[in-house]
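# An overview of the molecular structure
Residue strings, one per chain:
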Amino acid sequence: MERMVTAADPGTAVLLREEPAEGVALLTLHRPEARNALSVALRERLRVEWEALAGDDSVRVVVLTGSGPAFCAGLDLREITTDGGVLAGERRTLHAEPLIPPLTVPVIGAVNGPAVTGGWELALACTFVVASERAWFSDTHARLGLLPGAGLAVSLSRRVGHRLGVELSLTGRRLDAAEAARLGLVNRVVPHERMLPTALETASDIARLDPVLVPRLLELYRQLAEAGGHAAWAVEHAESRRWLAERGPVVRRP
């Protein structure tokens with residue numbers, strides 16, 4: 001497994017990148033001493049890495065996980081509560097960019113532990129999620145005097161409904177991995193030691209698919225998420241016919 005770090009000294013890296021299999025990139029949030037809180041430095045490294053991945057045709061799937069016992073504790077409160085200097089201005093741009101921009105490859109969240117507030121936003125921004133049995137999720141924006149701004153409220157309301165989404169944001173109630181899976185927020189819950197291997201095995205399976213089809217399928221699902229009722233059926237039908245016209249009726253055996 002090749003490891004590339006995002007700093008000259010691996011000991012100072014806040015984000016690790018590995019290539020555990022052909023076509024698969026593994027990104028690891030690497031601030032275990034701060035429960036992988038999203039500091040300015042970490043968010044900048046993520047932004048740079050997303051840009052690099054968007055231009056790397058050799059990467060077909062990304063797996064995102066965290067170092068240590070937590071997935072991500074959200075924004076680094078020590079920074080956003082600091083007065084003066086750059087950090088005061090940072091408050092005005094906390095959500096200027098999405099945590100995961102639209103990519104043409106799937107991003108699998110491998111949630112190894114607590115995903116809190118901004119950390120939950122990060123998990124929700126993944127294409128889908130494999131969670132450890134030790135994972136749990138909570139939105140504490142309201143308790144911190146903040147409003148969600150990176151997609152948490154949108155994703156929660158769409159996936160669990162308006163009323164439950166409001167309750168979770170107002171109360172900060174924790175959802176364990178099993179309840180999150182029942183609500184459709186997590187795709188699979190596995191024993192902790194199997195969490196990352198399961199995510200990587202799934203990524204390898206996807207990486208072997210037609211590299212032209214996968215981005216089209218992701219785009220189709222994005223369009224369906226925006227459409228509704230009969231419009232969604234029309235979108236799927238039109239995209240399927242367009243694909244057949246471009247590629248022909250060739251079916252690859254699994």
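Note: the structure precedes this text.
Residues numbered from 1 in each chain as written. Predicted model: local features only at pLDDT ≥ 70, side-chain atom pairs only at ≥ 80, totals over all residues. Heavy atoms only, no water.

## A closer look at the overall build of the protein
Looking only at helices and strands, the protein features 10 helices and 10 strands. Here the protein holds 254 residues, and the buried ones make up 44% of them. Accessible surface, the protein as shown: approximately 13600 Å² in total, 55% of it carbon and sulfur. (Helix = DSSP H or I, 4+ residues; strand = E, 2+ residues; numbered from the N terminus. Buried < 20%, exposed > 50% of the residue type's maximum accessible area, 1.4 Å probe, protein only. Areas by Shrake-Rupley, 256 points an atom, 1.4 Å probe, with all protein chains shown as cover.)

## Structural notes on the environment of Glu193
Along the polypeptide, Glu193 turns up in helix H8 (residues 192-207). The spatial distance from the C-alpha of Glu193 to the C-alpha of Glu133 is 9.4 Å, given a sequence separation of 60 residues.

## Describing unusual backbone geometry
The phi torsion of most residues other than glycine is negative, and most of the peptide bonds are trans. Phi at Arg35 is positive, roughly 55°, even though this residue is not glycine. With respect to the secondary-structure elements, Arg35 resides in the loop between strand S3 (24-29) and helix H1 (40-54). A relative accessible area of 39% places Arg35 in the partly exposed class.

## Some points on the nonpolar core
Of all hydrophobic cores here, the largest spans 42 residues; its most connected members are Trp50, Leu64, Val111, Trp120 and Phe137. Those elements giving two or more residues to this core turn out to be S3, H1, strand S4 (61-66), strand S5 (107-111), helix H4 (118-125), strand S7 (128-132), helix H5 (152-160) and helix H7 (177-182). Setting aside its immediate chain neighbours within four residues, Trp120 contacts Ala115, Phe137, Ser138, Asp139, Leu152, Leu156, Leu168, Leu175 and Leu185. Counting 14 residues, the second-largest nonpolar core is a separate cluster that includes Ile108, Met195, Ala199 and Ile206. (Core = buried A, V, L, I, M, F, W, Y, C linked by side-chain atoms within 4.5 Å. Contact = heavy atoms within 4.5 Å.)

## Some points on the layout of surface pockets
Considering only enclosed or pocket space, the largest pocket measures out at about 1200 Å³ in volume. Looking at the largest pocket, it is lined by 40 residues, and the ones nearest its centre are Ala125, Cys126, Thr127, Arg159 and Arg222. Contributions of two or more residues to the lining of the largest pocket are made by H4, S7, H5 and helix H9 (213-226). The element that contributes the greatest number of residues to the lining of the largest pocket is H9, accounting for nine residues. Residues belonging to the lining of the largest pocket are distributed by class as follows: 27 nonpolar, seven polar and six charged. (1 Å grid on protein atoms, 1.4 Å probe; cavity = no way out; pocket = protein on both sides within 12 Å on 5 of 7 lines; lining within 4 Å. Points joined across faces, edges and corners; volume = space filled by probe spheres on them. Nonpolar A, V, L, I, M, F, W, Y, C, P; charged D, E, K, R; others polar.)

## Focus: H4
At 3.6 residues per turn, the α-helix brings residues three or four places apart onto the same side. Most of H4 is tucked away: seven of the eight residues are buried. Of all the residues in H4, the buried ones are Gly118, Gly119, Trp120, Glu121, Leu122, Ala123 and Leu124.

## Remarks on the pairing of strand S2 (residues 15-21)
Judged from the five bridges that link them, S2 and S3 form a sheet pairing that is antiparallel. Its bridge partner lying in S3, Leu15 is registered against Leu29. In this structure, the hairpin formed by S2 and S3 is closed by a connection of two residues, where Gly23 is found at a positive phi of approximately 85°. (Pairing = 2+ DSSP bridges.)

## Digging into the side chain of Ser204
By the element assignment, Ser204 lies in helix H8. For Ser204, a relative accessible area of 17% gives the class buried. Not counting the four nearest positions on each side in its chain, Ser204 is found in contact with Ala21 and Val24.

## Re the side chain of Asn112
Tracing the backbone through its elements, the reader meets Asn112 in the loop between S5 and strand S6 (115-116). In terms of polar contacts, Asn112 uses its side chain to reach the backbone amide nitrogen of Gly66, at 3.2 Å. Not counting the four nearest positions on each side in its chain, Asn112 is found in contact with Thr65, Gly66, Ser67, Gly68, Pro69, Ala70, Phe71, Ser132, Arg134, His192 and Met195. (Polar contact = N/O pair within 3.5 Å; in protein donor to acceptor, adjacent residues only side chain to side chain.)

## Side note on the pattern of salt bridges
Applying the stated criterion across every chain, the model contains 16 salt bridges. Here Glu201 makes a salt bridge to Arg194, at a shortest N to O gap of 3.1 Å. If you follow the salt bridges from partner to partner, you end up with Arg17, Glu19, Glu49 and Asp56 in one network. (Salt bridge = Lys/Arg side-chain N within 4 Å of Asp/Glu carboxyl O.)

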